[in-house]
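Examining the three-dimensional arrangement
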Amino acid sequence: MEKTRRRFLADAALAGAAALSGCQKVGAPGGGESAPAGPADVTLHIAPVLADIAKEHTISTIGYNGAVPGPLIRLKEGVTVTVDLFNDTDTPELVHWHGFVVPADVDGAAEENSLFVPPRGHLPYRLTPQPSGARFVHSHVMPMADLSLGTYTGQFGFVYIDPKTNPGRYDQEIFLATHEWEPFLGAEEEEDEEDQAPPPPGLKKDQKPNGWEIGYQRFTINGKCLGYGEPVRVKEGQRVLFHILNASATENIQLALPGHQFQVLALDGNTVPHPQMVEVLELGTAERIDAVVEMKNPGVWVLGTPHDDDRKNGMGIVIEYANRTGEPRWIKPARKPWDYTIFGGAASTANPDETIPLVFGKINGGTGGFNHWTLNGKGFDEKDAPRRLTKGKRYRLVFDNQTDDAHPVHLHRNSFELTNVHGKPTSGILKDVVLVKGYRKIEVDITPAMEGLTLFHCHQQLHMDFGFKLLFDVVG
């Protein structure tokens, strides 16, 4: 493990140095416009941060611009911006613009040959924000067994790309990002998902015991444990638009606000065909939800997770109506499986040009070892040639999860359309992450619009680190 990590850092440093020497000619879609002199539109400093997450409890981590989460970045759809990245650490870094359709060199993924930010270095470039909606920025370093790097740190922050026209049917806009802290390696297997399907007949299971899992000691929303920091203050009668981001390294979450319902308007920043009312939101790692809540139940409430232990360890935030005081109230919601298809339209009639099966597999690591993950029977190997796709063709990816773990799978530099979820046809739901539960199957369609290397992976950090990745190459 240590040999692998040293080799990664050495390779990354070389890549970062090369990036720094050539970064004046990158980042403009369609080709190489240099970044101008003067202040950039967006500046991110990657540096150590001390974050007070609870009373007398301070976390030492790495963050953006001295804060956890990083400051909200607000951009305009289609308006090119200049970006300055400064790395004040001794480790090469990658800054991934999650959910953006951008060239591979500025996407922020080593597998796509993106530009590193060298240790103690600086990287400027241009990018054009698209599509509109809730996106985010985060580290894309592969930490492997080092739980002090990558998405385990505080390197994450909301990016909101304002559409060219915005009806603005809300009175207040709130951004909430969840995250967990003080990770540790444990032997306890992940809890079964409530709506996990039974294993298919004849599936051969690994006889080794399950390997390491990740646990956490503290949970936060916007960098604060429940009861610490300022509440969200609202007024009776307001329509409050919540933008919610699951910025966890490994955890899929649920959130509820007792006495209220969420009207879901967008998933992963993309407007859904049919907004629906739900009591509980579910977000796999890296998913985003935009939802409006009508404030018509005055009081002091907890917006938090239904999982009691996680909520007691911080996963929640107080919602306080004007002129109301008292202890925040929590009422456990009824269980109901999350269903993407309620937000979609009728079954799609578009046929793909090609169907690509992707079977998710797991090789148990055994006691004291790490599990390994496979796609179509093989773990990621950087020496393998990328799977070729043709720009403009329609592909159907069949995510067939033959493991007992849930996988929030992400495709870089593209959005995909859900076409079948657990056997239910649907259409019109555009996402860049979808949570595939244990022994379940989801089908999505993509039509690549931009050439270049494109990474597909599970956004659960431990799964991605240990094999759950596949590289596509989109050609004209």
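Just above, that's the structure.
Along each chain, residue indices are assigned from 1 in the same order as the chain's sequence is written. Whole-chain, interface and lining totals are the exception, using all residues; otherwise, since this is a predicted model, local features are given only for residues with pLDDT of at least 70 and side-chain atom pairs are given and counted only at 80 or more. Water and hydrogen atoms play no part in the side-chain values, which are based on all heavy atoms of the structure.

Considerations on the sheet that holds strand β2 (residues 57–64)
Between any two strands, at least two bridges found by DSSP are needed for them to pair. The helix and strand labels rest on DSSP assignments: H or I over at least four residues marks a helix, E over at least two residues marks a strand, and numbering proceeds from the N terminus. Taking strand neighbours across the sheet as the criterion, the four strands line up as β2-β1-β4-β6 in an open arrangement whose pairing is mixed. Two strands in the sheet have a free side with no partner beyond their single neighbour: β2 and β6 (122–127). Going from strand to strand, the sheet's axes swing by 30° on average, the running direction of each strand aside. Bridge count between strand β1 (residues 42–54) and strand β4 (residues 81–87): five bridges; the pairing is parallel. The convention used is that axes are lines fitted to C-alpha atoms, helices contributing only their stretch in contact, and that angles between N-to-C directions extend from 0 to 180 degrees.

Side note on the nonpolar core
Nonpolar side chains tend toward joint burial in soluble globular proteins. Buried Ala, Val, Leu, Ile, Met, Phe, Trp, Tyr and Cys residues that are joined via side-chain atoms within 4.5 Å together make up what is termed a nonpolar core. Relative accessible area decides the class of each residue, using a 1.4 Å probe on protein chains only: under 20% of the type maximum gives buried, over 50% gives exposed, and in between gives partly exposed. Counting 68 residues, the largest nonpolar core has Phe242, Phe399 and Phe456 as its most contacted members. Contacts are assigned to residue pairs with any non-hydrogen atoms lying within 4.5 Å of each other. With residues up to four places along the chain from it excluded, the contact list for phenylalanine 242 reads Ile174, Leu176, Ile289, Asp290, Ala291, Val293, Met295, Leu303 and Ile319. Core analysis: the second largest hydrophobic core is formed by 23 residues, Tyr64, Leu85, Val102 and Ile161 among them.

Describing the side chain of histidine 96
By secondary structure assignment, the location of histidine 96 is in strand β5 (residues 95–98). With near-sequence residues (within four places) excluded, histidine 96 lies in contact with Asp107, Gly108, Phe136, Val137, His138, His140, His410 and His412.

A closer look at the side chain of aspartate 432
Its place among the elements puts aspartate 432 in the loop between β29 (430–431) and β30 (433–436). A distance of 2.8 Å separates the side chain of aspartate 432 from the side chain of histidine 98, its partner in a polar contact. The contacts of aspartate 432, once residues within four sequence positions are left out, are His98, Gly99, Arg135, Asp268, Arg288, Val409, His410, Leu411, Asn414 and Phe416. Identification of polar contacts relies on pairs of N or O atoms within 3.5 Å, with a donor-acceptor requirement for protein atoms, meaning one able to donate a hydrogen and the other able to accept it, and with residues adjacent in sequence counted only if both atoms are side-chain atoms.

Thoughts on the packing of aromatic side chains
Only Phe, Tyr and Trp rings take part, Trp by its six-membered ring, and two of them pair if their centres are within 6.5 Å. Stacked means planes under 30 degrees apart, edge-to-face means over 60, and tilted covers everything else. The full count for this structure, using the stated rule, is ten aromatic pairs. Relative to phenylalanine 466, the ring of phenylalanine 370 lies with its centre 4.6 Å away and its plane at 10°, an arrangement referred to as stacked. Of this pair, phenylalanine 370 sits in the loop between β22 (354–363) and β23 (372–375) while phenylalanine 466 sits in the loop between α4 (461–465) and β33 (469–475), and the two are 96 residues apart along the sequence. Phenylalanine 466 shares its class with phenylalanine 370; the two are buried. With a centroid separation of 6.3 Å and 75° between ring planes, the pair formed by phenylalanine 399 and phenylalanine 416 is classed as edge-to-face.

So, the environment of valine 102
Relative to the assigned elements, valine 102 resides in the loop between β5 and α2 (104–107). Between the C-alpha atom of valine 102 and that of proline 119, which follows or precedes it by 17 residues, the distance is 24 Å. If sequence neighbours within four positions are ignored, valine 102 has contacts with Asp107, Leu127, Thr128, Arg413 and Met450.

Examining the sheet that holds β30
Taken in spatial order, the five strands of this open sheet run β24-β33-β32-β26-β30, and their pairing is mixed. Each end of this open sheet is capped by a strand with a single partner; those strands are β24 (387–390) and β30. Each strand of the sheet is rotated relative to its neighbour by a mean of 25°, with strand direction disregarded. In terms of strand pairing, strand β26 (residues 407–411) meets β30 through four bridges, oriented antiparallel. Note on β30: the bridge partner recorded for histidine 407 is valine 436.

Thoughts on the pattern of salt bridges
Any Lys or Arg side-chain nitrogen found within 4 Å of a carboxyl oxygen on Asp or Glu counts as a salt bridge. Summed over all chains, the structure comprises 25 salt bridges. Across the salt bridge formed by aspartate 268 and arginine 288, the nearest N and O atoms sit 3.6 Å from each other. Placement of the pair is aspartate 268 in the loop between β16 (262–267) and β17 (270–278) and arginine 288 in strand β19 (residues 288–294), with a sequence separation of 20 residues. No difference in accessibility class separates aspartate 268 from arginine 288, as the two residues are buried. Aspartate 405 is the salt-bridge partner of lysine 362, the closest N and O atoms lying 2.9 Å from each other. Separated by 43 residues along the polypeptide, lysine 362 in strand β22 and aspartate 405 in the loop between β25 (395–401) and β26 bring together distant segments of the chain. This pair shows no difference in class: lysine 362 is buried, exactly as aspartate 405 is. Shared partners join several salt bridges into a network, and the residues in it are Arg135, Asp268, Glu287, Arg288, Lys431 and Asp432.

Just geometry here; none of it tells us what the structure is for.
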